[in-house]
Amino acid sequence: MNWDEPTETAGDRPGGTADRLVGPDADGEDTAVEAALRPKDLEEFVGQERVREQLDLVLRAARARGATADHVLLSGAPGLGKTTLSMIIAAEMGAPIRITSGPAIQHAGDLAAILSSLQEGEVLFLDEIHRMSRPAEEMLYMAMEDFRVDVIVGKGPGATAIPLELPPFTLVGATTRAGLLPPPLRDRFGFTGHMEFYAPGELERVIHRSAGLLDVHIEADGAAEIAGRSRGTPRIANRLLRRVRDYAQVKADGVITREIASQALDVYEVDGRGLDRLDRAVLTALLKLFGGGPVGLSTLAVAVGEERETVEEVAEPFLVREGLLARTPRGRIATPAAWAHLGLTPPRPQAPGGGQQGLFGA
């Protein structure tokens, strides 16, 4: 089971996504459960085969040399295993790990305090590294490359830079938006791994492993049903597993079959493709009110009663990835797959010269 420990609460995201069962961010319950379910080594880690194989070579070589591992940058969507891999890196290297986040480091002094207290070989995990302040970022350049920082003492003309030597350490940076990292920072990482969304088969393995640890009896078809609605994300798969477990205990004999999983997730309004209430509301408005588009983002947000940022940053990414919605210069449009998914018939194309009526599909 692989997923990330959050450094910002789900409620900090647009629209307060903490109540979304298929949201990629971890809430309080997720954080408590994840600690017990995380894999402890690369052998136990499910999925991300390419990153896992490459990272295994990097760590084995470092151990053979008796050296500190190169700095590692992990990028990808929330919930795919970046925090888990950072902990595995520390475990594989037999080193302690220090966990912090970019938003928590707003001044160079904050970073200097952390770096100066590191032990030799320690792993420093910096989540959401792209959100670190610029002064701290510039200090990190020297720390990563030369294992040294300059601490400024005093102010104004009398300020003095005191060089502070650091023990060799491994920085593991994690980001959901690698494009926001400045090139000088990206170039200082010895290994960069991009985390991909999981295939259904991989999620089934995650679910079976978690079910075993949670002492839940789940059949193969039940795991497949949950995996198909998990949006390619292990964190979501495990959250759905817990909710289906609750349903099975109350409404059935505790055994999770395909039928039980389907009934449970229907109760929680997660459909066969992993769309929840917000996703379907956006698609329904786009199809029924605007004939499939194009329609502007602000208009679409008003139609579903949500903030513009909620629609754009919470609902749209998954709908675009699933090929149900497209962003165009003229506005949002629905794809044929969206009409098929909601069981609706697309309007007929208007004949040339149809005039204003053709614009609105009336």
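The structure contained in this document is the topic of the report that follows. Here the structure is a predicted model, which is why all the values come from computation and not from measurement. (Residues numbered from 1 in each chain as written. Predicted model: local features only at pLDDT ≥ 70, side-chain atom pairs only at ≥ 80, totals over all residues. Heavy atoms only, no water.)

1. Notes on the overall build of the protein
No. 1: Of the regular secondary structure elements, the protein holds 15 helices and nine strands.
No. 2: The proportion of buried residues among the 362 residues of the protein is 46%.
No. 3: Taking all contacts inside the protein whose residues are at least 6 apart in sequence as the whole, residues at least 24 apart take part in 71%.
No. 4: Summing over all exposed atoms, the protein offers an accessible surface of approximately 16700 Å²; the carbon and sulfur share of this is 52%. (Helix = DSSP H or I, 4+ residues; strand = E, 2+ residues; numbered from the N terminus. Buried < 20%, exposed > 50% of the residue type's maximum accessible area, 1.4 Å probe, protein only. Contact = heavy atoms within 4.5 Å. Areas by Shrake-Rupley, 256 points an atom, 1.4 Å probe, with all protein chains shown as cover.)

2. Side note on the packing of helix 8 (residues 220-228) against helix 10 (residues 258-267)
No. 1: Packing of helix 8 against helix 10 leaves a shortest axis separation of 7 Å and a crossing angle of 30°. One way to sum up the angle between helix 8 and helix 10 is to call them roughly parallel. Side by side, helix 8 and helix 10 meet where D221, G222, A224, E225 and I226 of the first sit next to R258, A261, S262 and L265 of the second.
No. 2: Here the residues of the contact of helix 8 with helix 10 sort into four nonpolar, two polar and three charged. (Axes fitted to C-alpha atoms, helices over the stretch in contact; angles between N-to-C directions. Parallel < 35°, antiparallel > 145°, perpendicular 65-115°, else oblique. Nonpolar A, V, L, I, M, F, W, Y, C, P; charged D, E, K, R; others polar.)

3. Regarding the packing of aromatic side chains
No. 1: Following the criterion strictly, the structure yields one aromatic pair and no others.
No. 2: Ring geometry for F147 versus F169: centroids 5.5 Å apart, planes at 80°, classification edge-to-face. Remark: F169 occurs in the loop between strand 5 (160-165) and strand 6 (170-175) and F147 occurs in the loop between helix 5 (134-146) and strand 4 (148-153); sequence separation between them is 22 residues.
No. 3: Given a relative accessible area of 23%, F147 falls into the partly exposed group.
No. 4: Across from the ring centre of F318, 3.8 Å away, lies the NZ or CZ of R231, which sits over that ring.
No. 5: Directly above the ring of F197 sits R321, whose terminal nitrogen or CZ lies 3.5 Å from the centroid. (Phe/Tyr/Trp six-rings, centres within 6.5 Å; stacked < 30°, edge-to-face > 60°. Lys NZ or Arg CZ within 6 Å of the ring centre and 35° of its normal.)

4. Digging into the packing of helix 4 (residues 108-116) against helix 5
No. 1: Relative to each other, helix 4 and helix 5 sit at 35°, their axes nearing to 8 Å. For the pair helix 4 and helix 5, the contacting residues are A108, L111, A112 and L115 in the first and P135, A136, M139, L140 and A143 in the second.
No. 2: In terms of residue class, the contact of helix 4 with helix 5 is made up of nine nonpolar, no polar and no charged.

5. Regarding the nonpolar core
No. 1: Counting residues in each nonpolar core, the largest one holds 46 residues, and the members touching the most others are L55, L85, I207, I218, I226 and I256.
No. 2: Top contributing element to this core by residue count: helix 9 (residues 234-251), with seven residues.
No. 3: Excluding anything up to four places from it in sequence, L85 contacts L42, F45, V51, L55, L74 and M195.
No. 4: Core analysis: the next-biggest nonpolar cluster, separate from the first, contains 24 residues, I105, L111, M132 and V149 among them. (Core = buried A, V, L, I, M, F, W, Y, C linked by side-chain atoms within 4.5 Å.)

6. Remarks on the environment of P336
No. 1: Relative to the helices and strands, P336 is located in helix 14 (residues 336-341).
No. 2: Along the sequence, P336 and L325 sit eleven residues apart, while their C-alpha atoms lie 9.1 Å from each other.

7. Describing the pairing of strand 7 (residues 191-194)
No. 1: Only one face of strand 7 is covered, namely the face carrying F191 and G193; the face carrying T192 and H194 is uncovered.
No. 2: Taken together, the four bridges between strand 1 (residues 72-75) and strand 7 define a ladder with parallel strand orientation. Considered in strand 7, the bridge of S75 is made with H194. (Pairing = 2+ DSSP bridges.)

8. As for the sheet that holds strand 6
No. 1: The parallel open sheet is built from five strands, whose spatial order is 2-3-6-1-7. Strands at the two margins of the open sheet, each flanked by one partner only, are strand 2 (97-101) and strand 7. On average, adjacent strands in this sheet sit at an angle of 15° to one another, irrespective of strand direction.
No. 2: In the sheet, strand 2 pairs with strand 3 (residues 123-127) via five bridges, with the strands oriented parallel. Bridging from a neighbouring strand, I97 pairs with V123 of strand 3.

9. Section: the pairing of strand 6
No. 1: Most of strand 6 is tucked away, with six of its six residues classed as buried.
No. 2: Burial of the side chains of strand 6 extends over both faces: T170, V172 and A174 are buried on one face and L171, G173 and T175 on the other.
No. 3: As paired strands, strand 1 and strand 6 are joined by four bridges and run parallel to one another. Across the sheet, residue L73 finds its bridge partner in strand 6, namely G173.
No. 4: Note: strand 3 against strand 6, four bridges, orientation parallel. Counted as the bridge partner of V123 is T170 from strand 6.

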